[in-house]
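Next come the chains, spelled out residue by residue.
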Amino acid sequence: MAGQPGLRKMTPMSLPETACDASEPFAACAAYRGVARAIAAIREAGARAPDLATLADSVGMRPLTLQRTFSAWAGVSPKRFAQVLAAARARAALGGEQA
């Protein structure tokens, strides 16, 4: 997406609704906690990952806010994270390992 007019790279500090104070440790930051809760929910859901609206509701964010915040902090969208996690679990199951 780089180089497309009107789009800017999102970073944790560029998110006004969830921005962290520079003196605040990441663990105490609302954005960090929201993404951590979303990751935990995706992991706990296993093969049946929740849709974005359900996931956002479970962590107390609007869907678009969660999408942008998660992508900025995790580097991928919640959906892509769930897909990669499912693929890793499948590979582990085929290899006889636990994910």
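Residues numbered from 1 in each chain as written. Predicted model: local features only at pLDDT ≥ 70, side-chain atom pairs only at ≥ 80, totals over all residues. Heavy atoms only, no water.

A. Focus on the nonpolar core. Listed in full, the 12 residues of the largest apolar core are V35, A38, I42, L55, A56, V59, M61, L66, F70, F81, A82 and L85. Apart from residues lying up to four places away in sequence, F81 is in contact with I39, I42, R43, F70 and V76. (Core = buried A, V, L, I, M, F, W, Y, C linked by side-chain atoms within 4.5 Å. Buried < 20%, exposed > 50% of the residue type's maximum accessible area, 1.4 Å probe, protein only. Contact = heavy atoms within 4.5 Å.)

B. Structural view of the packing of helix α1 (residues 30–45) against helix α4 (residues 78–95). Interaxial distance between α1 and α4 falls to 10 Å at its minimum, and their mutual angle equals 40°. In this view, α1 runs oblique relative to α4, as classed from their interaxial angle. Of the two elements, α1 crosses α4, and the hand of that crossing is right-handed. Along its contact with α1, which presents I39, I42 and R43, the element α4 presents P78, F81, A82, L85 and R89. (Axes fitted to C-alpha atoms, helices over the stretch in contact; angles between N-to-C directions. Helix = DSSP H or I, 4+ residues; strand = E, 2+ residues; numbered from the N terminus. Parallel < 35°, antiparallel > 145°, perpendicular 65-115°, else oblique. Left-handed = near helix turned anticlockwise from the far one by under 90°.)

C. Expanded view of the packing of helix α2 (residues 52–59) against helix α3 (residues 63–74). At a minimum axis distance of 8 Å, the contact between α2 and α3 shows a crossing angle of 85°. Classified by the angle between their axes, α2 and α3 sit roughly perpendicular to one another. From α2, L52, A53, L55, A56 and V59 reach across to α3, where they touch P63, L66 and Q67. The residue inventory of the contact of α2 with α3, partitioned by class, reads seven nonpolar, one polar and no charged. (Nonpolar A, V, L, I, M, F, W, Y, C, P; charged D, E, K, R; others polar.)

D. Representation of the environment of D51. Structurally, D51 is set in the loop between α1 and α2. Separated by 28 residues in sequence, D51 and K79 place their C-alpha atoms 7.9 Å apart. A polar side-chain atom of D51 sits 3.1 Å from the main-chain amide nitrogen of A53. (Polar contact = N/O pair within 3.5 Å; in protein donor to acceptor, adjacent residues only side chain to side chain.)

E. Highlighting the side chain of T65. Looking at the secondary structure, you find T65 in helix α3. Judged by its relative accessible area of 11%, T65 falls in the buried class. One polar contact links T65 to R62, side chain to side chain, over a distance of 3.1 Å.

F. Looking closely at the packing of aromatic side chains. Counting across every chain of the model gives two aromatic pairs. Note on Y32 and W73: the rings are 5.8 Å apart at their centroids and 75° apart in plane angle, and the pair reads as edge-to-face. Of this pair, Y32 sits in helix α1 while W73 sits in helix α3; the two residues are 41 residues apart in sequence, bridging distant segments of the chain. Residue Y32 is classed as partly exposed on the basis of its relative accessible area of 36%. (Phe/Tyr/Trp six-rings, centres within 6.5 Å; stacked < 30°, edge-to-face > 60°.)

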